[in-house]
Amino acid sequence: MRKFLAQLFGGSCYLCRGAASALLCAACDADLPRLAAPACPRCALDSPGGAVCGRCLSDAPHYDATVAALAYEFPADALVHALKFRGELALAELLSAILTEKIGDQSVDHVVPVPLSAARLRERGYNQSVEIARGLRRGRPDLELCVRSRDTPAQMDLPFAERRRNVRGAFRCTRQLAGKSVAVVDDVMTTGATLDEIALALKTAGAARVVNWVLARTFPPD
Ligand SMILES: [Zn+2]
Ligand SMILES: [Zn+2]
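Residues numbered from 1 in each chain as written. Chains lettered and ligands numbered in written order. Predicted model: local features only at pLDDT ≥ 70, side-chain atom pairs only at ≥ 80, totals over all residues. Heavy atoms only, no water.

Colleague: Just checking my understanding: could you explain the overall build of the chain for this structure?
Modeller: Across its full length, the chain holds 9 helices and 6 strands. On C-alpha atoms alone, the chain measures out to a radius of gyration of 17 Å, which is about the 17 Å that the 2.2 N^0.38 rule sets for 222 residues. Each of the three principal axes of the chain carries a C-alpha extent, and together these read 50 × 40 × 35 Å. Here the chain holds 222 residues, and 51% of them are scored as buried. Expressed as a percentage of contacts within the chain between residues at least 6 apart in sequence, the contacts between residues at least 24 apart total 70%. Charged side chains of the chain number 28 positive and 24 negative; the gap between the two group centres comes to 4 Å. (Helix = DSSP H or I, 4+ residues; strand = E, 2+ residues; numbered from the N terminus. Rg over C-alpha atoms; globule rule 2.2 N^0.38 Å. Buried < 20%, exposed > 50% of the residue type's maximum accessible area, 1.4 Å probe, protein only. Contact = heavy atoms within 4.5 Å. Lys, Arg positive; Asp, Glu negative; His and termini not counted. Charge placed at Lys NZ, Arg CZ, Asp CG, Glu CD.)

Now the structure itself:
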């Protein structure tokens, strides 16, 4: 696969155009903003000593844990953008590999990519979260388990304060999940409102544990 990708990109690094045997040269790969600082296990924001943060303690989200591989800053944002809006699906393999590194040997009963609205899926032709989830090789991503019960405006077009209301009740589960563990895969986690709403739907269907596996995390300004 790596060889195939290298041919696809002409043997040059996707970011710096230098010689590369993979999508990124070793230097660009090493420069990716991988998250290593101690983080809240629940929301993946910085937290001294890796303790559950104050926000999660006072207003606990419905998900139990979050694994986030990269900070959503350059060049991670450029890679996600190219996958999401420019149809550069070959990047999914690279981004999945980066997320796999961070997930380690964790396993779950079901892997659920965040569903796109039907309208957006028609327009884009693919769901970037599905593409990332496929590359994780943790079983076949389950595209039927959690569905949108209504279309909503894109979260990125809304101010943070409106995002929670925008997605309220937007997802439902199609099966019972008694006692199961579920990983929800997303490209970027910002306020976490969408992931929280999906976790609520999964928990309502009986899921015992919901973890978010997200490629990139945005950090609120201090
Ligand atoms: Zn490079
Ligand atoms: Zn937290």
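Colleague: So what exactly am I meant to see when it comes to helix α4 (residues 76–85) here?
Modeller: Residues that lie three or four places apart on an α-helix share one face, since the helix turns once every 3.6 residues. Restricting attention to buried positions, one finds in α4 the residues Ala76, Leu79, Val80, Ala82, Leu83 and Lys84. In this structure, the buried side of α4 is in contact with β1 (65–71), α5 (90–103), α6 (118–124), α7 (128–135), β5 (181–189) and β6 (209–217). In the segment just after α4, glycine 87 is the residue with positive phi, at about 70°.

Colleague: Is there a simple way to explain the coordination of the zinc ion (ligand 2) in this structure?
Modeller: Put simply, a metal with four donors set out as a tetrahedron has ideal angles of 109.5 degrees, and one with six donors set out as an octahedron has ideal angles of 90 or 180 degrees. In the first shell of the zinc ion (ligand 2), the protein supplies Cys40 (SG), Cys43 (SG), Cys53 (SG) and Cys56 (SG), at 2.3 Å from the metal. Each of the 4 donor atoms bound to the zinc ion (ligand 2) contributes to angles spanning 107 to 113°, and the resulting shape is tetrahedral. If you list the donors of the zinc ion (ligand 2) from N- to C-terminus, the spacing comes out as C-x2-C-x9-C-x2-C. Placement of cysteine 40 in the loop between α2 (26–31) and α3 (54–58) and of cysteine 53 in the loop between α2 and α3 is noted, with a sequence separation of 13 residues between them. A residue is classified by how much of its surface remains accessible, and cysteine 40, at 2% relative accessible area, is buried. Cysteine 53 sits in the buried class, given a relative accessible area of 13%. (Donors = N, O, S within 2.8 Å, 3.2 Å for Na, K, Ca; no water. Tetrahedral: all angles 85-135°; square planar, octahedral: opposite > 155°, others 65-115°.)

Colleague: What exactly am I supposed to notice about the layout of surface pockets here?
Modeller: Remark: the empty space left among the atoms is shown by a probe the size of a water molecule rolled over them. Its boundaries defined by the atoms lining it, the largest pocket holds a volume of some 660 Å³. Forming the boundary of the largest pocket are 34 residues, of which Lys84, Gln155, Met156, Asp187 and Val188 lie nearest the centre. Elements represented by at least two residues in the lining of the largest pocket include exactly α4, α6, α7, α8 (160–167), β5 and α9 (193–204). Here the lining of the largest pocket is composed, by residue class, of 14 nonpolar, 12 polar and 8 charged. Looking at the lining of the second largest pocket, the elements with two or more residues in it are α6, α7 and β3 (146–148). (1 Å grid on protein atoms, 1.4 Å probe; cavity = no way out; pocket = protein on both sides within 12 Å on 5 of 7 lines; lining within 4 Å. Points joined across faces, edges and corners; volume = space filled by probe spheres on them. Nonpolar A, V, L, I, M, F, W, Y, C, P; charged D, E, K, R; others polar.)

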